[in-house]
Amino acid sequence: MALRKVLVASLLCGAVAMSAAWAQDPQPSSASGNVASEVPQEGESNWAGYASLGASLLPEYEGSNSYILMPYVEGRLNYKNYYARFEGGTLRFNLIDNEAFHAGPLIGFRRGRGNVNSPVHSFKHLDDTETAGGFIEWEHVAEDPRSGETVYLTADNAVYGEKGGWQIVLRGTARRPIEWVNPGFIVSLTGDLSWVSRPYMQKYFGVTPSDSIASGMPIYTPGDGFNRAGVALSVDQFLSRHFSVGLRGYYASLLGKASSSPVTSSSDQFFAGVVAGYVL
C-alpha cells in the first residue's frame, strides 16, 4: 500500500505534462521536446538522460474553463538504446535495442474529478485512475542530438480506480536548435490526436441520470470517438552543458462528442509551464 501511494504521488506530479497529457491523458499528454543529448558519443558513458522540474497551469479537468496550478515533472534515462521516460503522467519503458524503433509497456495516471469550480461539482466524484498499456515509436536523432523527430502511438486502459476504458494517442515531435536566436536555444513542436473508447467517453464526458438530477444537466451518453487534437510549443535555453530553463505551451481542441458534452465548459484547452532542466 505504501509503495502504491508513492507511485500515485509520483505520477500525479507528472500528470501536468501534455499526451498528455493532460487531465485524463497521459495528457496533458507532453508539451516538452527532448532537449537531452540522448545518444552517447564514442568514448562516453552508455548512460544518458535529462530531467525537468517546474510549475504549470492547466484545466481543473478535461473540458473545464477553470485552471489550477500544479507541479511539472518530466524526464528520461537511457542505457544504450533502452530507456525509461516519464511525461504527461505516463511512464514508458523501451525494451527494443534499436536506435530508431522502440516499443514496450507503459503505466499511466488519469486525474479524478472532485470539488471543482463548475456545475459538475454536484456529479458523483471520479477517483484517480491508474492505467497500463504499451507503445511503439520511431525516433530519429541527427548528428547534432539536439535535432530530431519522434512519432509514437500509445494505448492504455484503466486497471485500477475508475474503470475509464481505453485511450489511444498518436503524437509527433520535431525539435531544432535555433542558434541565430541564441547559442543553446532549442525549439520543439508537437502535434497529437487522441481517440477514446465508449467507457472513457461516458466516464469523463457523460451525464448519468443521477448526475442529471443533481446538476440539472440533460442526460448524455456519448460513444467512442476522437476526443482531442492538440499542438504544443516548447522552448529551452541552455545556460551551460548541463543546465537549462524553458517554457511549455499546449493548446488542445476537444472534438466531437467530447466537445458537445454538457460537462464541457470550453472546447479550448490550454496548458502553460515554466521549467528548469538538467542533462546528464
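To keep things clear, this report deals only with the structure shown in the data block. If you're wondering where the values come from, they're calculated on a predicted model, not measured in any experiment. (Residues numbered from 1 in each chain as written. Predicted model: local features only at pLDDT ≥ 70, side-chain atom pairs only at ≥ 80, totals over all residues. Heavy atoms only, no water.)

**Description of the overall build of the protein**
In step 1: On a plain count of helices and strands, the protein comes out with four helices and 14 strands.
In step 2: Taking all 280 residues of the protein together, the buried fraction comes to 51%.
In step 3: As displayed, the protein has an accessible area near 12,000 Å², and 65% of this comes from carbon and sulfur atoms. (Helix = DSSP H or I, 4+ residues; strand = E, 2+ residues; numbered from the N terminus. Buried < 20%, exposed > 50% of the residue type's maximum accessible area, 1.4 Å probe, protein only. Areas by Shrake-Rupley, 256 points an atom, 1.4 Å probe, with all protein chains shown as cover.)

**Some words on the pairing of strand β3 (residues 47–59)**
In step 1: As paired elements, β3 and strand β4 (residues 67–79) share 13 bridges and run antiparallel to each other. In the strand pairing of β4, Leu 57 is matched with Leu 69.
In step 2: Looking at chain direction, β3 and strand β14 (residues 268–279) are connected through eight bridges and run antiparallel. Within β14, the position partnered with Ala 51 by the bridge is Tyr 278. (Pairing = 2+ DSSP bridges.)

**Examining the layout of surface pockets**
In step 1: Here the second largest pocket is characterised by a volume of approximately 190 Å³.
In step 2: Around the second largest pocket sit 13 residues that line it, and Leu 126, Gln 202, Lys 203, Thr 208 and Asp 211 are the ones nearest its centre.
In step 3: Elements represented by at least two residues in the lining of the second largest pocket include exactly α2 (198–205) and α3 (209–215).
In step 4: Among the residues making up the lining of the second largest pocket, the classes are represented as four nonpolar, five polar and four charged. (1 Å grid on protein atoms, 1.4 Å probe; cavity = no way out; pocket = protein on both sides within 12 Å on 5 of 7 lines; lining within 4 Å. Points joined across faces, edges and corners; volume = space filled by probe spheres on them. Nonpolar A, V, L, I, M, F, W, Y, C, P; charged D, E, K, R; others polar.)

**Comments concerning unusual backbone geometry**
In step 1: Within the chain, Lys 80 stands out as a residue other than glycine whose phi angle is a positive 55 degrees.
In step 2: Tracing the sequence through the fold places Lys 80 in the loop between β4 and β5 (82–87).
In step 3: Overall, Lys 80 belongs to the partly exposed group, its relative accessible area being 40%.

**Digging into the environment of Ala 232**
In step 1: Examined against the element boundaries, Ala 232 turns out to sit in strand β12 (residues 225–238).
In step 2: Residues Ala 232 and Gly 191, 41 residues apart in the sequence, show an inter-C-alpha distance of 6.4 Å.

**Focus: the sheet that holds β14**
In step 1: Read around the barrel, 12 strands follow the order β3-β4-β5-β6-β7-β8-β9-β10-β11-β12-β13-β14 and close on themselves; strand pairing throughout is antiparallel. Across this sheet, the average inter-strand angle for adjacent strands is 20 degrees, counted without regard to direction.
In step 2: Bridge count for β12 against strand β13 (residues 243–254) is 11 bridges, and the pairing is antiparallel. Note that in β13 the partner of Ala 229 across the bridge is Ser 253.
In step 3: Packing against the sheet, α2 makes contact with β7 (101–110), β8 (129–141), β10 (166–177), β11 (185–196), β12 and β13, and its axis sits at approximately 75 degrees to β12. (Axes fitted to C-alpha atoms, helices over the stretch in contact; angles between N-to-C directions. Contact = heavy atoms within 4.5 Å.)

**Some details on the pattern of salt bridges**
If the charged atoms of two oppositely charged side chains come close together, the side chains can form a pair.
In step 1: Counted by the stated rule, this structure contains 12 salt bridges.
In step 2: The closest approach of N and O atoms between Glu 74 and Arg 248, which form a salt bridge, is 3.3 Å. A residue pair is termed long-range when its members are at least 10 positions apart, and Glu 74 in strand β4 and Arg 248 in strand β13 qualify at 174 residues. Note on accessibility: Glu 74 and Arg 248 belong to one class, buried.
In step 3: Residues Asp 156 and Arg 110 are paired through a salt bridge, measuring 3.7 Å at the closest nitrogen-oxygen approach. One end of the pair, Asp 156, is in strand β9 (residues 148–161); the other, Arg 110, is in strand β7, with 46 residues separating them in the sequence. (Salt bridge = Lys/Arg side-chain N within 4 Å of Asp/Glu carboxyl O.)

**Remarks on α2**
The periodicity of an α-helix, 3.6 residues per turn, causes residues three or four positions apart to be oriented the same way.
In step 1: Inspection of α2 places Tyr 200, Met 201, Tyr 204 and Phe 205 among the buried residues, and these make up the whole buried set. Down the axis of α2, the buried set is contained in an arc of 95 degrees. They therefore lie on one face. (Arc of directions from axis to C-beta.)

**Some words on a nonpolar patch on the surface**
In step 1: Judged by side-chain polarity, Trp 47, Leu 77, Tyr 79, Tyr 82, Leu 239, Phe 243, Val 245, Tyr 278 and Leu 280 come together as a nonpolar surface patch covering roughly 880 Å² of accessible area.
In step 2: Counting only elements with at least two residues in the nonpolar patch, the list comes to β4 and β13.
In step 3: With respect to the secondary-structure elements, Phe 243 resides in strand β13.
In step 4: Taking the relative accessible area as the measure of exposure, Phe 243 reaches 49% and is therefore partly exposed. (Patch = residues over 30% accessible without salt bridge, like charges linked within 9 Å, V, L, I, M, F, W, Y side chains within 5 Å.)

**A look at the packing of aromatic side chains**
In step 1: Going through the model one piece at a time under the given rule, you end up with six aromatic pairs.
In step 2: Centroid distance Trp 47 to Tyr 79: 4.9 Å. Interplanar angle 50 degrees. Geometry classified as tilted. Residue Trp 47 is found in strand β3, and its partner Tyr 79 is found in strand β4; the two are separated by 32 residues along the sequence.
In step 3: Given the relative accessible area of 47%, Trp 47 is considered partly exposed.
In step 4: The class of Tyr 79 is partly exposed, set by a relative accessible area of 33%.
In step 5: Taking the centre distance of 6.4 Å and the plane angle of 35 degrees together, the rings of Tyr 83 and Phe 135 count as tilted. With Tyr 83 in strand β5 and Phe 135 in strand β8, this pair connects stretches of sequence that are 52 residues apart.
In step 6: On the accessibility criterion, Tyr 83 (4% relative accessible area) is buried.
In step 7: Residue placement shows Arg 76 over the ring face of Tyr 83; its charged tip is 3.9 Å from the ring centre.
In step 8: Above the plane of the ring of Tyr 152 lies Arg 92, whose end atom (NZ or CZ) is 4.1 Å from the centre. (Phe/Tyr/Trp six-rings, centres within 6.5 Å; stacked < 30°, edge-to-face > 60°. Lys NZ or Arg CZ within 6 Å of the ring centre and 35° of its normal.)

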